[in-house]
Amino acid sequence: SIRNIDPICVRIGNDAVLTNFGVADEGGKVNINEITNEAVYALVKSLVQTAGDVDAVKAEKITACIADWIDVDDQARANGAENSHYVAQNPPYNCHNGKLTCLEELSIVKGIDAEIYESISGYVTVYGTNCGVNINTAEPAVLRALALARKDTQEVYAEGFVRRILEFRAEGKTFPYLDNRKIRML
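Quick summary incoming for the structure in this document. (Residues numbered from 1 in each chain as written. Predicted model: local features only at pLDDT ≥ 70, side-chain atom pairs only at ≥ 80, totals over all residues. Heavy atoms only, no water.)

Some points on the nonpolar core
So, point 1. Residues V30, I32, V44, I66, L106, V109 and I112 are the most contacted members of the largest nonpolar core, which totals 44 residues.
So, point 2. Listed by contribution, the elements that provide at least two residues to this core are helix 1 (38–51), helix 2 (56–70), helix 4 (114–120), helix 5 (140–149) and helix 6 (155–170).
So, point 3. In terms of residue count, helix 2 provides more of this core than any other element does, 8 residues in total.
So, point 4. With residues up to four places along the chain from it excluded, the contact list for L106 reads I32, I66, L100, I112, Y117 and V124. (Core = buried A, V, L, I, M, F, W, Y, C linked by side-chain atoms within 4.5 Å. Buried < 20%, exposed > 50% of the residue type's maximum accessible area, 1.4 Å probe, protein only. Helix = DSSP H or I, 4+ residues; strand = E, 2+ residues; numbered from the N terminus. Contact = heavy atoms within 4.5 Å.)

Right under this line is the structure:
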């Protein structure tokens, strides 16, 4: 996927122009635009809880608000927020009700303050169309969230999963396809 990266200074005549461009792998990140998918919803909730360092109740509220911001209806989920919440703000604004075009838009979703935005923004993307995460390139925080998104997974097992994946990758190996049976056998 193409996304903006660090600024590059280019000289055109006597003028310096700063521009951002480049190619970056976004496959190891969580596609926030797919949050209406049940598995991605659980993954985002897990990521908000672990990377955002919030409790499960607050993580559920934030995740519901993100899902309501992106879904196309005006029906608020339990703990979520739709247009009625946003138009009551000062200044008022409308709920997006569509896919995000940039991550910065998350910062105006109910429940997401600057600290939470900073803690999760490096692990989510708006690029791509799939619900999966490439575990060959995912950061440890994303791998941990993947493990913990499974119901009743204990922290010790999540840490073991992350450790095994990182050891596997450190040996120069990759997963040619994501077969759950092979991942469990590591």
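Overview of the pattern of salt bridges
Pairing is possible between side chains that carry opposite charge, provided their charged atoms lie close to one another.
So, point 1. Applying the stated criterion to the full structure yields 8 salt bridges.
So, point 2. Of the charged contacts in the structure, one is a salt bridge between E26 and K29, with a shortest N-O distance of 3.5 Å. Neither residue differs from the other here; E26 and K29 are each classed as buried.
So, point 3. In this structure, K173 engages E171 in a salt bridge whose closest nitrogen and oxygen atoms are separated by 3.0 Å.
So, point 4. With relative accessibility at 40%, the residue K173 sits in the partly exposed group.
So, point 5. A relative accessible area of 55% places E171 in the exposed class.
So, point 6. A single network of salt bridges, built from pairs that share partners, joins D68, D71 and R77. (Salt bridge = Lys/Arg side-chain N within 4 Å of Asp/Glu carboxyl O.)

A short note on helix 6
So, point 1. Along its 16 residues, helix 6 runs 22 Å from first to last C-alpha, staying within 8% of the 22 Å computed at 1.5 Å per residue.
So, point 2. Looking only at helix 6, the buried set comprises A158, G160, F161, V162, I165 and F168. (Expected span 1.5 Å × (residues − 1).)

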